[in-house]
Amino acid sequence: MNLQSGTYYWPATLPDPPTYPALSEDLVCDILIVGGGSSGAQSAYALANSGLRVVVIEKNTIGSGSTATNTALIQYSGEKMFTDLIHTFGEEATARHLQLLRQAIDQLETTAGNVAMDFEFRRRDTLYFASCDEDVAKLHKEYQYLKDHGCSLDFWDRKTVKAHYPFSHEAAIYSYGDAELNPFKFTHALLQDAAAKGVGIYEHTAMNGHRYDRERQRMIVTTRGGHHIDARYVIFAAGYEGIDIRKEPQASFVSTYTVTTEPIADLSSWYNRTLIWETARPYLYLRTTADDRVIIGGLDETTDIAEQRDNKLHHRQQQLMDALRQRFPDISFELAYANTAFYGGIRDGLPLIGQYDDYPHCYFIFAFGDNGTVYSQTLVNVIVDDIVQGYSPDMELYRQDRPVLNSVST
Ligand SMILES: Cc1cc2nc3c(=O)[nH]c(=O)nc-3n(C[C@H](O)[C@H](O)[C@H](O)COP(=O)(O)OP(=O)(O)OC[C@H]3O[C@@H](n4cnc5c(N)ncnc54)[C@H](O)[C@@H]3O)c2cc1C
């Protein structure tokens, strides 16, 4: 899959990252993780203390997939509102999903304090505004749901929005305790820690085949270099390219655009440096960075053809810069990086763990959706419990064959 094109900010923040060798021999391990992006790193980090022999293979270099374009707003609220998810999954499952996402954000904060490399995790509040007056009632219903489930947030009217920002909207949810991070450093930080605890990490090592040894109940993965890795379990953390390995009918793709500005001298008109997004679909979203840049993304296109996606980059980057200047007219923004990427979703609105009969002893992390980093953390927790303890009570909620009240057409 041709994932993305353009220029990338995050890798530039760590110009001399840790490197790992290519695999040069056959290996036997308990768990093989295919993919060295943030999901693979989260898996490796979670398993590093398990006493199991864990190996990660990455076909390119660490963090060079969607991790390099991830704008890394760390939130529990996603494209589909919880008040809508209830119609598909019911009250209990939706409330459990919310609880697990909030726990995952807390876990990311704990991880930030436990690894050596600073991955720029910062707690941030979020402004989630109604893009049009018709969305106000829906937004208020969502606010009430989140409030009833223990989330810390306020409902703001136009006057209150205007009092805090240089723009105004009819209403907004102002929520406390979301976060942001640097996804490239995050991935390297976790893998560096995992490597120090004995996890084997190999770059420039692509999986290009597999077979299942039924008698020994082991997966034998073949690499492009002709080596074999004999594993009890395989976790496919190949990001959107996971569907090149195993098709999943619930997955869908659009194209999206982001720009990152040069550092800004004065961000004081940006109240609390909040994460900002809106109820429109597709939506625009904004954040600031540790070195005082601004990232804005959105303007999604329905195409999943790379050439069509790339042809629109120049025009879309101008539109994103205009949207930024319109919201913060007192700030002088200069474009530094711009890219376009495929962006995956799961049709029924929840991230998904693929477990298929044709891939025994394997878990596919399909953490697709706007909160991919938080979804991956949640799915990794479920998978690790399933492997290490033999059971996770939440597997049924995230497996591809989960029960739904009203199925979404695929
Ligand atoms: C523009 C954009 C904005 C986003 N914004 C947000 C956001 O604000 N918040 C958020 O939480 N999420 C966001 N996401 C989602 C987020 O980027 C993803 O959830 C996350 O990066 C996924 O990481 P990953 O490790 O699963 O995938 P990747 O980073 O793509 O890593 C997968 C790795 O697997 C490797 N691989 C693939 N096939 C093989 C093979 N056969 N053998 C060996 N290695 C292989 C690839 O080379 C790649 O490095 C955004 C995504 C995009 C595109």
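Owing to the predicted nature of the structure, the values given are computational and were not obtained by experimental measurement.

This part is about empty space enclosed by the protein. Counted by the stated rule, this structure contains 3 cavities of 30 Å³ or more. Taken as a whole, the largest cavity holds about 80 Å³ of empty space. Forming the walls of the largest cavity are 14 residues, and the residues nearest its centre are Tyr-9, Trp-10, Thr-258, Thr-260 and Asn-339. When contributions to the lining of the largest cavity are tallied by element, the ones reaching two or more residues are strand S12 (251-261) and strand S16 (335-346).

On to the nonpolar core. Here is a general trend for soluble globular proteins: nonpolar side chains tend to be buried in one another's company. Formed by 109 residues in total, the largest nonpolar core has its most connected members in Leu-32, Ile-33, Val-234 and Ile-235. Taken together, domain 1 (24-121 + 181-250 + 348-403) and domain 2 (122-180 + 251-346) each give at least three residues to this core, which thus spans both. In this structure Leu-32 touches Val-55, Ile-57, Val-221, Ile-229, Ala-231, Tyr-233, Val-234 and Ile-235, once residues within four positions along its chain are discounted. Ranked by size, the runner-up nonpolar core spans 27 residues in total, among them Phe-129, Leu-267, Leu-313 and Phe-333.

Further remarks concern the domain arrangement of the chain. Domains assigned within the chain are domain 1 (24-121 + 181-250 + 348-403) and domain 2 (122-180 + 251-346). When each unit is reduced to the centre of its C-alpha atoms, the spacing between domain 1 and domain 2 is 27 Å. Counting residues at the interface gives 41 residues for domain 1 and 39 residues for domain 2. Summed over both partners, the interface of domain 1 with domain 2 comes to about 3500 Å²; 57% of that surface belongs to carbon and sulfur atoms. The largest share of the area that domain 1 buries against domain 2 comes from Thr-71, Tyr-76 and Met-81, three residues that together contribute 18% of it. The tally of links between domain 1 and domain 2 comes to 3 salt bridges. Its salt-bridge partner being Lys-138, residue Asp-84 comes within 3.0 Å of it at the nearest N-O pair. One can count 22 residue pairs in polar contact (both at pLDDT 80 or more) joining domain 1 with domain 2. For the side of domain 1 that touches domain 2, the secondary-structure elements that each account for two or more residues are strand S4 (73-74) and helix H2 (82-114). Top element by residues in the side of domain 1 that touches domain 2 is H2. It accounts for 11 residues. Of the residues in the side of domain 1 that touches domain 2, the class split is 20 nonpolar, 10 polar and 11 charged.

Attention now goes to helix H8 (residues 313-327). With 15 residues, H8 should cover 21 Å at 1.5 Å per step; its first-to-last C-alpha distance of 21 Å lies within 8% of that length. For H8, every residue scored as buried is listed here: Leu-313, Arg-316, Gln-317, Leu-320, Met-321, Ala-323, Leu-324 and Arg-327. Buried residues of H8, viewed axially, fall in a sector of 155°; they line one side. Facing away from the buried side of H8 by over 90 degrees, the exposed positions are His-314 and Gln-326.

Its volume calculated, the second largest pocket comes out at about 460 Å³. Along its surface, the second largest pocket is lined by 27 residues, and Glu-79, Lys-80, Gly-345, Ile-346 and Gly-369 are the ones closest to its centre. Looking at the lining of the second largest pocket, the elements with two or more residues in it are H2, S12 and S16. Here the element with the most residues in the lining of the second largest pocket is S16; it accounts for 4 residues. Residues belonging to the lining of the second largest pocket are distributed by class as follows: 13 nonpolar, 8 polar and 6 charged. Mapping the lining of the second largest pocket onto the domain boundaries places at least three of its residues in each of domain 1 (24-121 + 181-250 + 348-403) and domain 2 (122-180 + 251-346).

Conventions used here
- Residues numbered from 1 in each chain as written.
- Predicted model: local features only at pLDDT ≥ 70, side-chain atom pairs only at ≥ 80, totals over all residues.
- Heavy atoms only, no water.
- 1 Å grid on protein atoms, 1.4 Å probe; cavity = no way out; pocket = protein on both sides within 12 Å on 5 of 7 lines; lining within 4 Å.
- Points joined across faces, edges and corners; volume = space filled by probe spheres on them.
- Helix = DSSP H or I, 4+ residues; strand = E, 2+ residues; numbered from the N terminus.
- Core = buried A, V, L, I, M, F, W, Y, C linked by side-chain atoms within 4.5 Å.
- Buried < 20%, exposed > 50% of the residue type's maximum accessible area, 1.4 Å probe, protein only.
- Domains from an automatic or database assignment.
- Contact = heavy atoms within 4.5 Å.
- Buried area = accessible area lost by both parts, 1.4 Å probe.
- Salt bridge = Lys/Arg side-chain N within 4 Å of Asp/Glu carboxyl O.
- Polar contact = N/O pair within 3.5 Å; in protein donor to acceptor, adjacent residues only side chain to side chain.
- Nonpolar A, V, L, I, M, F, W, Y, C, P; charged D, E, K, R; others polar.
- Expected span 1.5 Å × (residues − 1).
- Arc of directions from axis to C-beta.

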